[in-house]
Amino acid sequence: QQQVKQSPQSLIVQKGGISIINCAYENTAFDYFPWYQQFPGKGPALLIAIRPDVSEKKEGRFTISFNKSAKQFSLHIMDSQPGDSATYFCAASMNSGYSTLTFGKGTMLLVSP
Amino acid sequence: EAGVAQSPRYKIIEKRQSVAFWCNPISGHATLYWYQQILGQGPKLLIQFQNNGVVDDSQLPKDRFSAERLKGVDSTLKIQPAKLEDSAVYLCASSALAGGFQETQYFGPGTRLLVL
């Protein structure tokens, strides 16, 4: 059972455009939603994360929008740059003392110059 | 601050052979994770250690995979015997435990395994 569904699988955006990646979850006990960025040959790195007590979190060009009732959250990358080209994973966990992350399948983003 | 170290970076073996991966977490991180990342998919947790105790190994194929974290620092993951479907990147991650909550997981570069 896939507990975190991510779309699209791949995305091509022009430089300066907005990249949007969506995730949906099933487990209502999830209360921590991070996004990870992974470059080829590297491990995933935390980009931004949100907890369900807020509907939006912004850090620079990256924004997470969270809809608790719909059990959905999304990543928006404003003014996308070629250096943003990477694979992005959404994830979810229950932030208890022994929580584990459940990852989506990933979105491969290509920002064309 | 040094990151999570893993070795080797690449490994090619034939099916039915054995292989071992090593991970050195960030200093002071009590929690260590091993993930399997198959091409085109997100990381899947294999096992989680809290210090030198196992917290979650529910998705570890125990008939062929084993892991240990002696002294609560370094960890090794072993596959014996390997199957073709074990071809993947094996990621190690670590996190600190603060106030009863897990902090950010930091990932190593991974070991890319190819089973022929």
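This text goes with the structure placed above it.
A few points on the structure. The structure displayed is predicted, hence computed values, not measured ones.

### A look at the pairing of strand S5 (residues 44-50) of chain B
Residues and elements named next belong to chain B.
Next up, step 1: In terms of residue burial, S5 counts as a mostly covered element, since 6 of its 7 residues are buried.
Next up, step 2: Sheet topology places strand S4 (residues 31-37) next to S5; 6 bridges connect them, and they run antiparallel. Opposite Thr31, over in S5, you have Gln50 as the bridge partner.
Next up, step 3: Counting the residues in the hairpin turn of S4 and S5 gives 6 residues, including Gly40, whose phi is positive at 85°.
Next up, step 4: Here S5 runs beside strand S6 (residues 53-56); their pairing, made up of 3 bridges, is antiparallel. Residue pairing for S6: Phe49 is matched across the bridge by Val54.

### Focus on the packing of aromatic side chains
Next up, step 1: Scanning the entire structure with this criterion turns up 16 aromatic pairs over all chains.
Next up, step 2: Between the aromatic rings of Phe103 of chain A and Tyr35 of chain B, the centroid separation amounts to 5.8 Å while the plane-to-plane angle is 85°, which identifies the pairing as edge-to-face. With Phe103 of chain A in strand S10 (residues 102-103) and Tyr35 of chain B in strand S4, this pair bridges two chains. The same class applies to Phe103 of chain A and to Tyr35 of chain B, which are both buried.
Next up, step 3: Joined through ring pairs, the aromatic side chains of Tyr25, Phe30, Phe33, Trp35, Phe66 and Phe73 of chain A make up one cluster.

Calculation notes
- Residues numbered from 1 in each chain as written.
- Chains lettered and ligands numbered in written order.
- Predicted model: local features only at pLDDT ≥ 70, side-chain atom pairs only at ≥ 80, totals over all residues.
- Heavy atoms only, no water.
- Buried < 20%, exposed > 50% of the residue type's maximum accessible area, 1.4 Å probe, protein only.
- Helix = DSSP H or I, 4+ residues; strand = E, 2+ residues; numbered from the N terminus.
- Pairing = 2+ DSSP bridges.
- Phe/Tyr/Trp six-rings, centres within 6.5 Å; stacked < 30°, edge-to-face > 60°.

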